[in-house]
Each structure stands twice: as structure tokens, then as C-alpha cells.
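Report on the structure
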Amino acid sequence: MLGIVVLLITAAVVSLVLQGRRDSMNEARARSLSVAEAFAHAPGIVAALDGPEPTSVLQPLAEQTRIETGVEYIVVTGTDGIRYTDPDLQRIGTQIDPRYKEALNGHGFTRTYTGSRGRAVVSVVPVPRPDGTPAGLVSVAIKVETVNKLANPSIPLAIGSAVAALALTTGGAVLVSRRLGRQTRGLGPAEMTRMYEHHDAVLHAVREGVLIIGPEHRLLLANDEARRLLGLPADAEGRSVTDLGLEPRTAELLASGRVATDEVRPAGNRLLAVNLRPTGDRGGPPGIVATLRDTTELLAVTGRAETVRERLTLLYRAGARIGTTLDVATTARELAEVAAPGFADCATVDLADGVLRGAEPEPPSGDVIRLRRTAISGTGTDHPLYPLGRVIGFVPTGPEAFGSSSGHTWLVPDLTTSEQWRQADPEQSARILEHGFHSLLSVPLHARGVILGMANFWRAENEEPFGADDLSFAEELVARAAVSVDNARRYTREHEMAVTLQRSLLPRGVPEQNALDVAFRYLPAQAGVGGDWFDVIPLSGARVALVVGDVVGHGLHAAATMGRLRTTVHNFSTLDLPPDELLGHLDELVVRIDQDEQTDGGVPVTGATCLYAIYDAVTGRCSVARAGHPGPALVLPDGTVEFPDIPAGLPLGIGGMPFETVELEVPEGSRLVMYTDGLIERRDRDIDDSLEQLRQALADRDRTPEETCDDVLEAMLPDRPGDDVALLVARTRTLDPARRVQWEVAPDASAVSGVRKEATRWLSDQGLDEEGFVTELILSELVTNAIRYGSEPITVRLLYDRALICEVSDCSSTSPHLRYAATTDEGGRGLFLVAQFAERWGTRYTERGKVIWSEQTLDEPEPPPG
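This report concerns the structure included in the present document. Remember, predicted model here, so these are calculated numbers, not experimental data.

**Points about the packing of helix H10 (residues 328–339) against helix H14 (residues 468–505)**
H14 packs onto H10 with a crossing angle of 165 degrees between their chain directions and a minimal axis gap of 8 Å. Here H10 lies roughly antiparallel to H14, going by the angle between them. Between H10 and H14 lies a crossing of right-handed hand. Facing H10, whose interface residues are Val328, Thr331, Leu335, Val338 and Ala339, H14 presents Leu477, Ala481, Ser484, Val485, Ala488, Arg489 and Thr492.

Here it is, written out as C-alpha cells:
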């Protein structure tokens, strides 16, 4: 035994010597590195290295620092390794060991080298410029010999201490052996060790508190669990249980000495089940043994189970409430409302601007992601958080954050101790703390590897900070919501594309004309774009066509079909067809489109409707036909509202049945209201009730078309419509009788000169003398053609509107056509001249024949409406 003690003391002495030398070496490394770092970052070092004479500036500083710090040398070099300073002046200008290049990468190092001055501890660090590039190197060395001298004086002291310890240990071992022999009654060390291990295992490993209380109620023994449960002081043994600062009821029970079974007593914030049994019943020493069991932990386990149940319920609610719409902002608000109150006292959701617009989210280009506050829940109006719509910069990296590389969950259990959180906006952070917020959990909304935004959960009234369990729940909740947000974003993108396509296919404005004062509104559907459309098309003879149509369904197909039909109507309108004939041609076209679509496996155009009206500003009459579309409303100048009876006709594409045109007398100042079924058809309202509501919205007031549109939409659609709506309101005007003239022409070539004279005289009365020559030429050609090829009666009409309109009508259905006459031809140049001098010309057919017309652009300002 004594030999082991000697061996241990010898090993300790050797260890002390080696440890002393090791500590000296560590001190030398730290000392050389700190001197090198301090000198490299000293003011003026970079300027001196970049200056013309670095040695003259740095050599005195290096020597002064070397003497004051006691190092072996301080060598300053350039980035090429050439010495600028050295205690040996002859070495200045030479190059140091090439291994210096390792420090040029920005990382200093400390190593032991053997050089010309012997073995030494050397530290090499770079001298950084402000932009981070190295300006040079600083090398500081301390000799190993000097290090060893620091450790040698402690060796004799260690040996002397070891000899003294050996003597004391030998004497003490003899005395202890005799004492133990008497007290253990001859038990050996193995038996004593086994007894102690059993006693310690039973006393301290058990999950119940154990107290042994002796006579006079003094505490003889308390295991670790009892100390923890009762909060006993370190010197509790030997003191009375009534003097240990316990709860009075608990101390009274422990001092009672009676038998007790599972009696519950308080101990701080715990409830303990106390059992008391006497120790002297079987011949033991007198006293009481008490066992303590913490019942609050059972309650805590029950509470944790309840918390898990609540979290699962909350996740179930989130699945039912989040993503009920395909609107990004609404989905974000649903996430915030599910989380607060409940999981958090306040929840905010911040999304990238691109996500709100439906664009593909982009990865952050720098350290900060720009997000816009989209939803807040769980706070009043006086909260200090950023308001809705505010752009916020979120830093996705930092020492307090953890998560994936594309975005981090940020857990801040205590906001008062987080410097990183305060640095972003110190003033805002102070206001948040003053309001009582103390814990923050920010979780990114990830979708397909990119960040859509952040969900932030705050606690104020709930004193418990966010922990690891809260983190896992928040990530699960946000992950589910992120899928809904991304679905809404993708829908928004598709919806915006469809709306953009649809709006590109709709009129951008109203064409210039004097027959009607027109206003329009188009409202896209809440669920998606549809096929509603409208148009205003100027026609010949101071007439205007009004068109409203609808393609049943939603989406890109409906919008594209609408564009095709609108283009087709434009093309057919150039033929100046009556409304019923135009709808007939349109119906045939839709039938052919359906046949082509079915052949290619496409979607047929089913459910397309159209209302087509032509208003004549000269006669004040309106011709209307419809194909399965709601009829127009007519508001007379006195405020009376009528719904003219117009045969409905079948929707476009069905074919087989003709359409019917109805002529309406429309007094000047009347309003013609045309609309799609989205305005009047609703699931919760009968169609007759809707028409009556529309009548009330239009009646009694003389309003402009713009005001009429606003009033109708406000009355009929207080909320965003479920179907898209097109509304067209046109107030009629008539052409001033003084601005129109008409003559009957005899079927004789000599009558042409009389027509020219009458036309010249009328143009002079209108102040259009400059138009006389061209007008005479056009009338001569048109009247001559009518006399030569047409049939009676022949009529000439001049209209002074935005342009000068010349019309020659006869009862023949023969249509003239433009051709190029040969040089030997005596005729064939009339219509060619008309086409050259007129802005436009054409032919339209009537019930009695045809009308050949031309329009001449006027140089004078536009005349006021008639």
C-alpha cells in the first residue's frame, strides 16, 4: 500500500514538472500571439506598410514593443515576405520562411520553429486593411529556452512537497488503519465498500425523498430527493425540522411523530404525499422515517398530455380553417387567427411582395429578405408591432437562428437578453418590450425550396417562454399553412394571367362618335375570369353598334373564346349587317368552331350568348336582337324604366333557329342599359326580384352614364360578384336636323348637275365650302352609278357629323366593286376616285335595296353634339 502511495507521489511530481513546462509553453503561445495581434492592429501600421519607407517608421516601434513585452523579436514583413523590421539590422530586407504565406489567407497561426536564434515559439498574423486584404505580416517569437527558465524554479519546490506528503501519508495510514479496524469490527475494505454502495444506491437513487428524524425532532439524514423537494439548506442535518423553513403544516406533520399515510402537504410550489413510520418498532434506534413523493409531477405529466391534446386540436383546426380560399392575404390571415390567441398571444405573417402578386418567390440576394406585413391577430389597436402593409427586412442568418440554409427558424426565449433582435430596430424593440412582449418564435414559410415569408409568434400575457416543444409545433403548423399559401400564390398567378389576357381582349376605351354618350364597367369574378365582354363599334351613317356577350364558364378557355367572338363581331359589323343577320353568321361560326374543337379533342363553345343593338342617330331608332342573352333596359328621359320585349333566341352554337330584330323608338336623352347575367342572377335571389331591383336603381333620376354605372353596381352588387359582370350604359343623342339634308333624284343623267348644285349650296350654308369640290366629285360618281345600274327611287343624303357623310341609295341589290381601269377603258374609274378622296366608303343593304356611302374627314374642329 505504501509503495503505491510512493509511486503516486513520484508520478505527481513528474506530472507537476511537465505541467509547469506545458503551462509555460501555453503562456508563451498566448503571449506571442497577443503581442502579434496587438501590433498588427495598432493605428498607423497599415499606413506605414503602404508608405514609401516602412522600415524607418516600424523599426523603432517594433524594438520598443519588443523590449516592453519581453519577447525575443518582432519582425514586420510585406506580403512578399521581405523583412521591414528585425532586432538584427543586417537581416532587414531578407525574406522570412516561405511558410508565412499561410497567414496571408487571413488566418494567423502559432507554431514552434527552430531557426538561426534557436528553438522558439512563433506567432504570425496578417495586418488587415479596411477592405479586408492583408497589408503585411507581423511575426513575434519567444525562445523555448526562455520558456523553460520560467518553469525550472518550481521543480525543487515540487520535490520537497512530495517528500513531505510522503511522510505525512505514511503516518496517517498507520493511524487510520488502527481506527478503522476497531470501528468496522474486523470488516475488510471490500465488505465496507459493498455496504456503502448499497446504502448510497438505496438512499440517493430512489425517486422518493427519505428523511430520518431522531429524538427531539432533529433531522438525522436526508437524501438528495428530499433535499430537492423540500429545498433544505446544506446544514439541515442536526437541526430541528421546525427550524428548516418548511411550510408550517408540513413541519408540524414531520414533528408529530405519528404514523401517516399519503397525507398531502405543501412545499413551496409543490404538493407532497408524506408517509411517516417509526424506526424503533423492530429494535432499531428511536425516531421516525419519512418518505416524500411529489404529486405535482403527476399533474405536470397530465398537463403535458393536455397540452399535446390541445396542440393536436389546434392542428386539426388549422387544417380546416387555413386555405379556405385561394387568396394569399386571406390565407395568411387565417394562419394568424388560428395561432393567436391560443398558441401565442399575438401572431403576425409577413410575405414577400412577389408572393402577394402571385409571382414566383425569389431567393434572397443578400443578407436581408424584404417582406410585407400581411396579417396580424391577437392584438388591439395600440400594439407596437409593425402595421399591415409595412415592408420589413428579415435577417435569415445569425447565431440565435437555426434551420435550413434557405431560411431559419428563429427562437428567442427572452427578448430582453437578445442583442441580435435589438440591433435590427432599437427604438421599435424598446416599444415592443414596454408593451410586455417577452418571447418570439419566427418560422419561415417554405415551399419548394424557397421562402414565401415568415410567421412570427409573440408571447406577452403568457409568462412561459417559447421552448423546443413550441418550436416543433410551430414548424408543423407553418409547414401546413405554407402549402396553402403557395397554392393561393399559384392560383393568383394563373388568375392574374387570365385577367391580363381577358383585359387585353376587352376594349381599352370608347371610340370617338357623336351618337351616344357611353360608359362601361367590367368586374372580374371572385373565383376567376370569365367570358363576359362588350363593345362599342361606330358604323356608317351616324350609327353605332352596341354589343354585350357572355361565354359561360371561367378560365383561360372562356377568355380566349370571348376574344374570338369579339373579333368576329367586329369583322361582321364592317359588313353593316342587321342585328339578326349578324347573330346568324356568328351562330354559324360558333357551330364550326365547336366541330373543329371536337375533332381536335378540345372544349366546345357551349353557352355563349350575345346582345347586339344598332342605334341610328338620324332616325333615333334602335335595332336590337339577342341570342340567349338578357334583354336591355331602356330608361326614358322622364325616368321611366322599360324592359323591351325582345325575342330571346337560342344561345350561340346551337343552330337551326333564326334570330329576330326588334325596332325600338328611343327618344333623345334616353339611356340604353345592357349587361350580362352576372348582374342579375344570384343563387339567393329570384330573377324577377333582381330585375325589379335594377329598375329601382335606374329610375327617377337623370344621371350621366358614369353615374348610372356606379349606382347600378352599388345597388346590385354590394359584394364582389361570384360571376364576372359587364355593364354598358349609353345615353342617346340625335343628329341636328340642320346638319342633314336629303333629295330625291330623277333617273336621268342630267339630274346629276342639279345634285351637285344643291350639295354645294348646302355645304356653303354649313360653312364647308372647302369640301365642295371633293363632295361634288363623289356625288357625281355615286349618283351616276345609281342612275346607270340601280333602280328607282334614288335618294341622296348628306350628314354633317364628325365627318361629312354622303349616301346614295336605290332599290337595287347589285353591289358595286372597286377595280382598276385599263388605259383604253372609257369608264371604271368612278369608285376608284371615290376611294381616293374619301376616308372610308362602303355598301350596306336595306330592306328596299342598298346604300353606297362615303365619309370625308373634316379639317375644322368637331361640331358639338346635336
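**Looking at the nonpolar core**
In this structure, Leu546, Leu583 and Tyr612 are the most contacted members of the largest nonpolar core, which totals 56 residues. The element contributing the most residues to this core is strand S20 (residues 608–616), with 7 residues. Excluding residues within four positions of it along the chain, leucine 583 makes contact with Cys610, Tyr612, Ala625, Arg626, Ala627, Leu652 and Phe659. Counting residues in each nonpolar core, the second largest holds 40 residues, with Leu314, Ala332, Leu445 and Phe466 among its members.

**Comments concerning the sheet that holds strand S24 (residues 662–665)**
Sheet strands pair via backbone hydrogen bonds, and the direction of the pair is either parallel or antiparallel. One open sheet accounts for 5 strands, arranged S18-S19-S20-S21-S24; its pairing is antiparallel. Where the open sheet ends on each side, the last strands, each with one partner, are strand S18 (533–539) and S24. Strand-to-strand twist in this sheet, taken as the mean axis angle between neighbours without regard to direction, amounts to 20 degrees. Of the strands in this sheet, S18, strand S19 (543–551) and S20 touch helix H15 (residues 556–573), which is tilted by about 15 degrees from S18.

**What about the environment of isoleucine 646?**
Positionally, isoleucine 646 belongs in the loop between strand S23 (641–642) and S24. For the pair isoleucine 646 and threonine 661, spaced 15 residues apart in sequence, the C-alpha separation works out to 7.8 Å.

**Brief notes about unusual backbone geometry**
Most peptide bonds take the trans configuration, and most residues that are not glycine carry a negative phi. Looking along the chain, the bond that leaves glutamate 792 and enters proline 793 is cis, with omega of -5 degrees. Inspection of the secondary structure puts proline 793 in the loop between helix H20 (772–789) and strand S28 (794–800). Although it is not a glycine, glutamate 216 adopts a positive phi angle of roughly 60 degrees. Mapped onto the elements, glutamate 216 comes out in the loop between strand S5 (209–213) and strand S6 (219–222). Look at glutamate 216 and you get exposed, because its relative accessible area is 62%.

**Quick look at the side chain of aspartate 350**
Looking at the element boundaries, aspartate 350 is found in strand S10 (residues 346–351). Polar contacts involving the side chain of aspartate 350 include one to the side chain of asparagine 456, which spans 2.9 Å. In this structure, aspartate 350 is in contact with Leu371, Arg372, Arg373, Thr374, Ile392, Leu452, Gly453, Met454 and Asn456, ignoring residues within four places of it in sequence.

Analysis parameters
- Residues numbered from 1 in each chain as written.
- Predicted model: local features only at pLDDT ≥ 70, side-chain atom pairs only at ≥ 80, totals over all residues.
- Heavy atoms only, no water.
- Axes fitted to C-alpha atoms, helices over the stretch in contact; angles between N-to-C directions.
- Helix = DSSP H or I, 4+ residues; strand = E, 2+ residues; numbered from the N terminus.
- Parallel < 35°, antiparallel > 145°, perpendicular 65-115°, else oblique.
- Left-handed = near helix turned anticlockwise from the far one by under 90°.
- Contact = heavy atoms within 4.5 Å.
- Core = buried A, V, L, I, M, F, W, Y, C linked by side-chain atoms within 4.5 Å.
- Buried < 20%, exposed > 50% of the residue type's maximum accessible area, 1.4 Å probe, protein only.
- Pairing = 2+ DSSP bridges.
- Polar contact = N/O pair within 3.5 Å; in protein donor to acceptor, adjacent residues only side chain to side chain.

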